[in-house]
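Spelled out, the chains give:
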There are 4 protein chains.
Amino acid sequence: MDNRKLRVGVIGAGRIGRLHANNLKNAVPGAVVEAISDVNLLSARALAASLGVSKVYQDYQQLLDDNEVDAVFICASTDMHSPISIAAARAGKHIFCEKPIDHDLDKIEEVLEAVKEAGVKYQVGFNRRFDRNFKKVRDSVREGAIGEVHTVRVTSRDPEAPPVSYVKVSGGIFVDMTIHDFDMVRYLTDSEVTEVSVFGAVLVDPAIGEAGDVDTCVINLRFKNGALGTIENSRQAVYGYDQRVEVFGSKGMIHAQNETANNTVLMTRDAVTSEKPLWFFLERYNDAFIQEAKAFVEACLQDKETPVGAYDGLQPVKIAIAARKSWKLGGKPVKVED
Amino acid sequence: MDNRKLRVGVIGAGRIGRLHANNLKNAVPGAVVEAISDVNLLSARALAASLGVSKVYQDYQQLLDDNEVDAVFICASTDMHSPISIAAARAGKHIFCEKPIDHDLDKIEEVLEAVKEAGVKYQVGFNRRFDRNFKKVRDSVREGAIGEVHTVRVTSRDPEAPPVSYVKVSGGIFVDMTIHDFDMVRYLTDSEVTEVSVFGAVLVDPAIGEAGDVDTCVINLRFKNGALGTIENSRQAVYGYDQRVEVFGSKGMIHAQNETANNTVLMTRDAVTSEKPLWFFLERYNDAFIQEAKAFVEACLQDKETPVGAYDGLQPVKIAIAARKSWKLGGKPVKVED
Amino acid sequence: MDNRKLRVGVIGAGRIGRLHANNLKNAVPGAVVEAISDVNLLSARALAASLGVSKVYQDYQQLLDDNEVDAVFICASTDMHSPISIAAARAGKHIFCEKPIDHDLDKIEEVLEAVKEAGVKYQVGFNRRFDRNFKKVRDSVREGAIGEVHTVRVTSRDPEAPPVSYVKVSGGIFVDMTIHDFDMVRYLTDSEVTEVSVFGAVLVDPAIGEAGDVDTCVINLRFKNGALGTIENSRQAVYGYDQRVEVFGSKGMIHAQNETANNTVLMTRDAVTSEKPLWFFLERYNDAFIQEAKAFVEACLQDKETPVGAYDGLQPVKIAIAARKSWKLGGKPVKVED
Amino acid sequence: MDNRKLRVGVIGAGRIGRLHANNLKNAVPGAVVEAISDVNLLSARALAASLGVSKVYQDYQQLLDDNEVDAVFICASTDMHSPISIAAARAGKHIFCEKPIDHDLDKIEEVLEAVKEAGVKYQVGFNRRFDRNFKKVRDSVREGAIGEVHTVRVTSRDPEAPPVSYVKVSGGIFVDMTIHDFDMVRYLTDSEVTEVSVFGAVLVDPAIGEAGDVDTCVINLRFKNGALGTIENSRQAVYGYDQRVEVFGSKGMIHAQNETANNTVLMTRDAVTSEKPLWFFLERYNDAFIQEAKAFVEACLQDKETPVGAYDGLQPVKIAIAARKSWKLGGKPVKVED
């Protein structure tokens, strides 16, 4: 890598924008935060001040027009992901976009086209791929440690359900939450999902059901290479953020456990207790967020492919749409659109 | 318990018959092996000699006619389970019958009726319920440790696939192998399966596919109480007999791991290695076989209900039949017959 | 092994005598309990009745005079171990003797001589050698899995302190409790202890101190082959019977954990809890007791060396005596008598 | 904390100086690296350039004379720790000093005096106290989770022996390596060591013995509060950096395990393998180094006591000197100088 730094503009100064901006400044040596934009100018200014960044914009287009910005992190609200992506591509900026690109397949296709045309880098924020445990599972699978993949399993349970107000605009559990798991099974198996079958239920909060969504589901998957898979989701695991994967194959099995705050074990007359899984996703995937930013910056600086391209942003949405359909049909298997 | 011993006749001197006969003699204080029968008289004689049992019969009816026999263990071939059950009930013997009672629902119903009419005890050989780990999971669930059950998961993989000759007469994976898991989910959740959806595949041995069966499957379940479930099966886990369960609920989660030959951990320059799961089901469930026999003997001697009654033998077969249908329909959800 | 059974006389019908008698009857196929003796004739009779044994003696010498007894299990009080051992040897019986042979080295030497002269088998009841975990550690060490042994560690904590009345006649912690650990380090390293240094303390119960003993100690060891070792003892681990070993060497390390009633893990909002170590030594070493009896019976029937000979009974007592001396001297290193 | 930043001068631009300088810049928000000094001016310049620091000095006294420096990190060679500490105290700078302060007790006392007189903050680099696992053990002990402490155990094995050239100038294993463990037992028990007894051996590399040192040792400890302890050291654990602690008390036990690169488990026909302990101390204690710097900066900015004061730098050296004496005397217990 040469000595040049990637000058990054961060679009959106909310929770995830602040996270990325901080990581870029403190933990990603190849990057420098050049500018920050937010429709809420105060938020942008506060973040900029805390990081010692001088350029602040209210309109993301201004940031895109800034010639000293090489790349952008799109951390705006979900509905703005695709329009900003397209505008950024046209402005010739490399793009890191939070997931999902869009809930609408056509809009994602437009993004793909704009990116292709502009020849810019594009990376989607599927941060879990950069978790050290899941990455090790994937690497082992790739290296043939378990032979040919027969089944893959993702257990993914949030520590608490989001407010119903959020559920209503989230696009539903499949595109909001399970989408990470759809990405994960593609990542772990290196194969595409061709068919899904979903049993859903409202067991955590009736209000989620009234909002037209489910909070608990089990999902069967079929892959192009013949493998099978299962995903299990819950919106509320009271003991913490439960994130585990397992891949089983002709020569063995590999699985990854939860992360905990420490590895102590306490034994008393009453019980043997150890730590609960980490509760908060920012803590659980803290390092993964740093690693994905590093990977993006490296891809830009060294003109390499990003590890999670625009196509990787498209596929999970397709699976999510099929999953939603299967759930609506009471579990009937639904093919994933090609 | 009074000092009287339960006099048991063992019908069938094959692998499982020998197992039960040995356990009854050496590990079940309340029982005495009174007689042994097998169509292969030599087998019956050999077993009887090794145990110091004097009565040997070729025809199971002779054993049923023996007034000094209080109860029978039916360890004959599967197709004989229901006819012998009926005959034994009519002879007034208490009955322990290996699983499955039958592949045919009507025949199982006949058994239920005969047993009811005769007023004898009936226990089905779902030995895994007596595994100390699974039992602890179930007890914790019952005691409310995890609140209301939301999902249940059974991972059940055999160490190696049976010969295709066996597969052909087995009735298929659902009635032969998954039936244990169908029993397990009922046991763990205390609720009935109402609907199943199955994705199956032939990934271990093409010959199994040619025999009209699958060797790998993922199964979604829906329960009467609203809970969901998943079962994952493979005919071949090269690392050993993989038997795990997990129950997740409103107040927590509990899971049980595999058993190993010992708990040592070796660390060298190359790796950290620990023991593989126990390979052979007779070793893995060694103690569970003893516990189920003890429970049966106790129920007979103390005139209590057996812990796994005839109805528990019926339900898993119903689920297996629905599962087979779902698989044939490419994963379409199928209701379990009431 | 031929078909002949080893006819065993059990001397002492207390807790440990009953344990061995039951195991011999139910779990050791090569043995038959021929006779039982106890100074308390009622105890002997009760045990004999429960096992269907017809010969009962009050005086152990009568049992030794019985020509139909091939071997004896000496389960009398500790002070009778050496006199009965000598008498049994002179009567030509093979001998299984509970630990310790004696607290007095001269008396043990007499036993060794008598056994040698009579040419009978002798095994000391160091049951922990037969624990599946510790045995695996020892086997791995022997096979060179960790290279040359550098250090060995035994953690050995009882679940609760014995009554002070027992402590007073126990001979002290080193000969009563640590003796098992002295045997264990010899077993694991295949080397002799040459020097010990002990720091002791009274932290559990002042009454133990008043009785002239300690309830907590840490022990440094030096071995003939140059290796070092540590033992840590407590009379009271409130969470259960804590029994672990670790051997460290030039090529790696191997350690064995505690055993638990089951391997389930429960996660709730409050904690992640798993099972405590088994509490009771009869439960913890249940299988080890069976295995040591099997090994003794096999050695007798096949005229092989017993796995824990009279010399193995002598050495730990020597170490215990040195340990006591070191403790009395405030931790000064003391050589183990050759 | 106010908005003022602590302006830090880093003295010594070797491995540990670079580590601290980088952490101060990237991971400790309250600090700014103001100046860097090293007798090797090129090293100082290179480090300053990489961090964007403009002030570079060859002589540490110049750095101490800089009025824009509030505090120093002393990362020079061990023999310079005490003279620089004294000079820095006289210059009115807060001081973070790498361990050990000195091998000579008198010189440490001089440092203590100078620090006291100047009224500056002083922290010693016992980074392991800031490890999340050990800290949790200590916190639990403090909160009474295990009742009164009866025994403490530290297992501390390096992944590979240092070069003999280093061993010769290291001051010996006790002051060079075990000193961390002496600090750890004080930290975990909140009590002072009063007496040590050491068995040492040369098992890893004969050249270490020829240099007058040992590479393997077991240490018994006695504490002021009556508790006992053990430390086990090896200069070479081929499987990685083995760092574990265990504290046992009247109400229970708590222990902390090794850290690994990830928590995956791979099961194949051959073995069940998991990750080895992290190999390199900079990786193993990466976060602990950050936490100790944060704690120091916070203490300076908020005028609080540092968590590891000068006295904490003195005590482990006293214990190390006693340990060395005990080893020389073949394990004879030696009192720690008051």
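Heads up: the structure comes first, above all this text.
Residues numbered from 1 in each chain as written. Chains lettered and ligands numbered in written order. Predicted model: local features only at pLDDT ≥ 70, side-chain atom pairs only at ≥ 80, totals over all residues. Heavy atoms only, no water.

S.K.: Describe the relation of the copies chain A and chain B, naming the residues involved and giving the relevant values.
M.R.: Mapping chain A onto chain B calls for a rotation angle of 180° and an axial translation of 0.0 Å; the resulting RMSD is 0.0 Å. Viewed as a symmetry operation, the transformation between the two copies matches a two-fold axis. Residue K332 of chain A, judged by its C-alpha, is the member of chain A lying nearest the rotation axis, at 2.5 Å. When the interface residues of chain A are mapped onto chain B, 100% of them again fall at the interface, so both copies present the same face. (Least-squares fit on C-alpha atoms with pLDDT ≥ 70 in both. Contact = heavy atoms within 4.5 Å.)

S.K.: Could you give an account of the interface of chain D and chain C, with specific residues and numbers?
M.R.: Counting residues at the interface gives 43 residues for chain D and 44 residues for chain C. Between chain D and chain C lies a buried interface of about 3,400 Å² when both sides are counted; carbon and sulfur atoms form 60% of it. Along the contact surface separating chain D from chain C lie six salt bridges. For the salt bridge of E246 of chain C with R157 of chain D, the shortest nitrogen-to-oxygen distance reads 2.9 Å. Seen at the junction of chain D and chain C, the total is 19 residue pairs in polar contact (both at pLDDT 80 or more). Of all the elements in the fold, those that place two or more residues in the side of chain D that touches chain C are β7 (149–157), β8 (193–201), β9 (216–223), β10 (228–234), β11 (242–249) and β12 (252–256) of chain D. Looking at the side of chain D that touches chain C, the element that brings in the most residues is β9 of chain D, giving seven residues. A class-by-class count of the residues in the side of chain D that touches chain C yields 17 nonpolar, 16 polar and ten charged. (Buried area = accessible area lost by both parts, 1.4 Å probe. Salt bridge = Lys/Arg side-chain N within 4 Å of Asp/Glu carboxyl O. Polar contact = N/O pair within 3.5 Å; in protein donor to acceptor, adjacent residues only side chain to side chain. Helix = DSSP H or I, 4+ residues; strand = E, 2+ residues; numbered from the N terminus. Nonpolar A, V, L, I, M, F, W, Y, C, P; charged D, E, K, R; others polar.)

S.K.: Go over the pattern of salt bridges with me, naming the residues and quoting the values.
M.R.: In total, this model carries 112 salt bridges over all chains according to the counting rule given. With a closest N to O distance of 2.4 Å, E68 of chain C and K55 of chain C form a salt bridge. Linking E68 of chain C in the loop between α3 (60–65) and β4 (71–74) with K55 of chain C in strand β3 (residues 55–57), this pair joins segments that are 13 residues apart in sequence. We classify E68 of chain C as partly exposed; its relative accessible area is 39%. If you follow the salt bridges from partner to partner, you end up with R153 and E246 of chain A together with R157, E232, D242 and R244 of chain B in one network. (Buried < 20%, exposed > 50% of the residue type's maximum accessible area, 1.4 Å probe, protein only.)

S.K.: Before we move on, can you summarise the interface of chain A and chain B with the specific residues and values?
M.R.: The interface is formed by 44 residues belonging to chain A together with 44 residues belonging to chain B. Across the interface of chain A and chain B, roughly 3,300 Å² is buried in total on both sides, 60% from carbon and sulfur atoms. A per-residue breakdown of the area chain A buries against chain B is headed by R153, F199 and N220 of chain A, which together make up 19% of the total. Inspection of the region where chain A meets chain B yields six salt bridges. The partner of R153 of chain B in a salt bridge is E232 of chain A, with the nearest N and O atoms 3.0 Å apart. Taken together, the connections running from chain A to chain B amount to 19 residue pairs in polar contact (both at pLDDT 80 or more). Looking at the side of chain A that touches chain B, the elements with two or more residues in it are β7 (149–157), β8 (193–201), β9 (216–223), β10 (228–234), β11 (242–249) and β12 (252–256) of chain A.

S.K.: Go over the pairing of strand β11 (residues 242–249) of chain C with me, naming the residues and quoting the values.
M.R.: All names here are of chain C. Counting buried positions along β11 gives eight out of eight residues, so the element sits mostly inside the fold. As defined by bridge partners, strand β7 (residues 149–157) adjoins β11 across eight bridges and the pair is classed as antiparallel. The partner of V152 across the bridge, within β11, is V247. Pairing analysis gives five bridges linking β11 to strand β12 (residues 252–256), with the strands arranged antiparallel. Within β12, the position partnered with F248 by the bridge is M253. (Pairing = 2+ DSSP bridges.)

S.K.: With reference to specific residues and values, describe the packing of aromatic side chains.
M.R.: Both the distance between ring centres and the angle between the ring planes are used here to describe each pair of aromatic rings. Scanning all chains against the criterion turns up 36 aromatic pairs over all chains. When the ring of Y241 of chain C is compared with that of Y285 of chain C, the centres are 5.8 Å apart and the planes differ by 90°; the resulting orientation is edge-to-face. Note that Y241 of chain C is positioned in the loop between β10 (228–234) and β11 and Y285 of chain C in the loop between α11 (281–284) and α12 (286–301), a separation of 44 residues in sequence. Here the two residues Y241 of chain C and Y285 of chain C agree in accessibility, since each one is buried. One aromatic cluster is present, formed by F73, F96 and F296 of chain A through successive ring pairs. Lying over the aromatic face of F248 of chain B, R157 of chain A brings its terminal NZ or CZ to 4.1 Å of the ring centre. (Phe/Tyr/Trp six-rings, centres within 6.5 Å; stacked < 30°, edge-to-face > 60°. Lys NZ or Arg CZ within 6 Å of the ring centre and 35° of its normal.)

S.K.: An account of the side chain of E195 of chain B is needed here, citing residue identities and associated values.
M.R.: Counting through the fold element by element, E195 of chain B comes out in strand β8 (residues 193–201). Since its relative accessible area comes to 9%, E195 of chain B is described here as buried. If near-sequence neighbours (up to four positions away) are discounted, E195 of chain B is found in contact with F199 and G330 of chain A together with N220, L221, R222, P333, V334, K335 and V336 of chain B.

S.K.: If you had to explain the packing of helix α6 (residues 132–142) of chain A against helix α9 (residues 178–189) of chain A to someone new, which residues and values would you point to?
M.R.: Residue and element names in this part refer to chain A. Orientation of α6 relative to α9, taken along the N-to-C sense of each, is 35°, at an axis distance of 8 Å. Residues F134, K135, V137, R138 and V141 of α6 form the contact with α9, whose participating residues are M184, Y187 and L188. Classifying every residue of the contact of α6 with α9 by side-chain character gives six nonpolar, no polar and two charged. (Axes fitted to C-alpha atoms, helices over the stretch in contact; angles between N-to-C directions.)

S.K.: Before we move on, can you summarise the sheet that holds strand β6 (residues 122–124) of chain B with the specific residues and values?
M.R.: Residues and elements named next belong to chain B. The strand order β3-β2-β1-β4-β5-β6 describes an open sheet built from six strands, whose pairing is parallel. The open sheet has two edge strands with one neighbour each: β3 (55–57) and β6. The average angle at which neighbouring strand axes cross in this sheet is 25°, direction not considered. For strand β2 (residues 31–37) and β3, the ladder comprises three bridges, and the chain directions are parallel. Residue pairing in the sheet places I36 in a bridge with V56 of β3. The sheet contacts of helix α2 (residues 41–51) involve β2 and β3, and relative to β3 the element is tilted by about 165°.

S.K.: I'd love a proper account of the state of the cysteines, names of residues and values included.
M.R.: Residue and element names in this part refer to chain B. Applying the stated rule across the entire model yields zero disulfides over all chains. Considering cysteine sulfurs only, C75 is the nearest to C97, which forms no disulfide, with 8.4 Å between them. In this structure C97 comes out as buried when scored by relative accessible area, which is 0%. (Disulfide = S-S within 2.5 Å.)

S.K.: Any chance you could break down the pairing of β11 of chain A for me, citing the residues and the numbers?
M.R.: What you see with β11 of chain A is no split at all: D242, R244, E246 and F248 of chain A on one side and Q243, V245, V247 and G249 of chain A on the other are buried throughout. Adjacent in sequence and paired antiparallel, β11 of chain A and β12 of chain A are bridged by two residues.

S.K.: So what's going on with the environment of N26 of chain C? Residues and values would help.
M.R.: All names here are of chain C. With respect to the helices and strands, the residue N26 is situated in helix α1 (residues 15–26). On the accessibility criterion, N26 (31% relative accessible area) is partly exposed. Spatially, the C-alpha atom of N26 lies 9.6 Å from that of I290, the residues being 264 residues apart in sequence.

S.K.: Any chance you could break down unusual backbone geometry for me, citing the residues and the numbers?
M.R.: Residues and elements named next belong to chain A. The amide bond that connects K99 to the next residue, P100, takes the cis arrangement and shows omega of -10°. As for its position among the elements, P100 is in the loop between β5 (94–97) and α5 (105–118). With phi around 50°, D303 is a residue other than glycine that occupies positive phi space. The residue D303 is located in the loop between α12 (286–301) and α13 (310–328) in this model. By relative accessible area, D303 is classed as exposed at 61%.

By themselves, these observations are geometric and do not establish any function.
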